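# Fold and geometry: a report
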Amino acid sequence: MEKIDPSAYRNIVFFTGAGMSAECGVPTYRGKGGIWNQYDYGEYACQKAFERDPEKVLRFHELRRRAVLDCQPHAGHRVVAGMPRSILVTQNIDGMHQRAGSMNVIELHGSLWRLRCDPCGSMREDPGDDYETLRCDCGNWLRPDITWFGDMLDESVMRMATEAIASCDLFISIGTSGSVWPAAGFPSLARDAGAFCIEINPEPSGAICYDLVIRGSASEALPSLFVS
Ligand code: APR
């Protein structure tokens, strides 16, 4: 396999999706065993569902939190966390990168470990398996601070991500099907910026702009990708 010398690049961006966490035991969204094959997102992952039955939606996310806490980051997460001059943009809400030591993670779709109250605008960290409370101090239901179907992405987070990608010279996409926009446009943004673009995914993702495609798993491909 072609080895990459990270010292030859000034700005490295890792861009990860659910496949990054798959080998930890966290299910992906699509494909075999995918969450959206099992659960109807219209019942669990959109604002309408939350308004209809907030407790049902919150309990679903609580189950996901418990499942994630049973899993551990793998060697690939540690490679990403240890890479100098790199920025990490993730679609994952599971916090696995942070548990492996990544700092300053750009979480495009929010975090399972944060709740917010839209009516009063407050936000709270809640890192346990069970939610500390389902209600804000103001009395309204709290909602997970994550991007559901139909939600807009946080503008400032999106700006940080696009700025990082538009100025990178090495772009490494790992474990994303590339089916959810605007993140699906990031590989071509990196290519247009002139970056060397790598994809790690055991399955074809549909994006065709990569200079190097590694049909392998994140936990195996990442530790052997770079010259030491
Ligand atoms: N290593 C690398 N990639 C893998 C692995 C692995 N071990 N296992 C699976 N994959 C790949 C699959 O081939 C697939 O292309 O990971 C990808 C997972 O795709 P999705 O489940 O669609 O996940 P993602 O692209 O992150 O989804 C984007 O969709 O529902 C939303 O908000 C949710 O952030 C999520 C967004």
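This one's a predicted model, so the numbers in the text were calculated from it and none came from an experiment.

Rules behind the numbers
- Residues numbered from 1 in each chain as written.
- Predicted model: local features only at pLDDT ≥ 70, side-chain atom pairs only at ≥ 80, totals over all residues.
- Heavy atoms only, no water.
- Helix = DSSP H or I, 4+ residues; strand = E, 2+ residues; numbered from the N terminus.
- Rg over C-alpha atoms; globule rule 2.2 N^0.38 Å.
- Buried < 20%, exposed > 50% of the residue type's maximum accessible area, 1.4 Å probe, protein only.
- Contact = heavy atoms within 4.5 Å.
- Areas by Shrake-Rupley, 256 points an atom, 1.4 Å probe, with all protein chains shown as cover.
- Pairing = 2+ DSSP bridges.
- Axes fitted to C-alpha atoms, helices over the stretch in contact; angles between N-to-C directions.
- Domains from an automatic or database assignment.
- Buried area = accessible area lost by both parts, 1.4 Å probe.
- Salt bridge = Lys/Arg side-chain N within 4 Å of Asp/Glu carboxyl O.
- Polar contact = N/O pair within 3.5 Å; in protein donor to acceptor, adjacent residues only side chain to side chain.
- Core = buried A, V, L, I, M, F, W, Y, C linked by side-chain atoms within 4.5 Å.
- Near = heavy atom within 4 Å.
- Nonpolar A, V, L, I, M, F, W, Y, C, P; charged D, E, K, R; others polar.

### As for the overall build of the chain
- Assigned secondary structure in the chain consists of 10 helices and 9 strands.
- What you see for the chain is a C-alpha radius of gyration of 18 Å, in line with the 17 Å of a compact globule of 228 residues.
- Considered along the principal axes of its C-alpha atoms, the chain spans approximately 55 × 30 × 30 Å.
- Expressed as a percentage of the 228 residues in the chain, the buried residues total 50%.
- The long-range fraction of contacts in the chain, counting pairs at least 24 apart against all pairs at least 6 apart in sequence, stands at 64%.
- Carbon together with sulfur atoms contributes 51% to the accessible area of the chain, which is approximately 11000 Å² in total.

### Considering the sheet that holds strand β6 (residues 143-146)
- An order of β5-β4-β6 is seen for the 3 strands of this open sheet, with the pairing classed as antiparallel. Strands with a single pairing partner mark the edges of an open sheet, and in this sheet they are β5 (122-125) and β6. With strand direction ignored, the average angle separating the axes of adjacent strands in the sheet is 45°.
- Pairing of strand β4 (residues 110-117) with β6 involves 4 bridges; the strand directions are antiparallel.

### Describing the pairing of strand β2 (residues 86-90)
- As judged from the 5 bridges shared by strand β1 (residues 12-16) and β2, these two strands associate in the parallel manner. Opposite F15, over in β2, you have V89 as the bridge partner.
- Pairing analysis gives 2 bridges linking β2 to strand β3 (residues 106-107), with the strands arranged parallel. Paired with T90 across the bridge in β3 is E107.

### Re the domain arrangement of the chain
- Here the domain parsing of the chain yields domain 1 (1-25 + 73-109 + 153-228) and domain 2 (27-70 + 112-146).
- The interface of domain 1 with domain 2 comprises 14 residues on the first partner and 12 residues on the second.
- With both chains or domains summed, domain 1 and domain 2 bury close to 940 Å², and 56% of this area falls on carbon and sulfur atoms.
- The salt bridge partner of E107 is R114, with a shortest N-O separation of 3.8 Å.
- For the pair domain 1 and domain 2, the number of links is 3 residue pairs in polar contact (both at pLDDT 80 or more).

### Quick word on the side chain of E199
- Examined against the element boundaries, E199 turns out to sit in strand β8 (residues 196-200).
- At 3.4 Å, the side chain of E199 and the side chain of R215 are in polar contact.

### Structural notes on the nonpolar core
- Core analysis: the largest hydrophobic core is formed by 28 residues, its most contacted members being V26, Y29, W36, L58, V68, M96 and W148.
- Broken down by secondary-structure element, the contributors of at least two residues to this core are α2 (35-38), α4 (47-52), α5 (54-69) and β4.
- Formed jointly, this core draws a minimum of three residues from each of two domains, domain 1 (1-25 + 73-109 + 153-228) and domain 2 (27-70 + 112-146).
- Excluding its chain neighbours within four sequence positions, the residues that come into contact with V68 are V26, D94, M96, R99, L112 and W113.
- F14, L170, I174 and L225 belong to the second largest nonpolar core, which has 22 residues in total.

### A look at the site of the ligand
- Within the structure, the ligand sits among 21 residues, and R30, W36, T176, S177 and N201 are positioned closest to it.
- In the environment of the ligand, an oxygen atom lies 2.7 Å from a nitrogen or oxygen atom belonging to the backbone of Y29.
- Measuring from an oxygen atom of the ligand, one finds a side-chain N or O atom of S177 at 2.5 Å.
- Coverage of the ligand by the protein amounts to 90% of the 740 Å² it exposes when considered alone.
- The residue inventory of the shell around the ligand, partitioned by class, reads 8 nonpolar, 10 polar and 3 charged.

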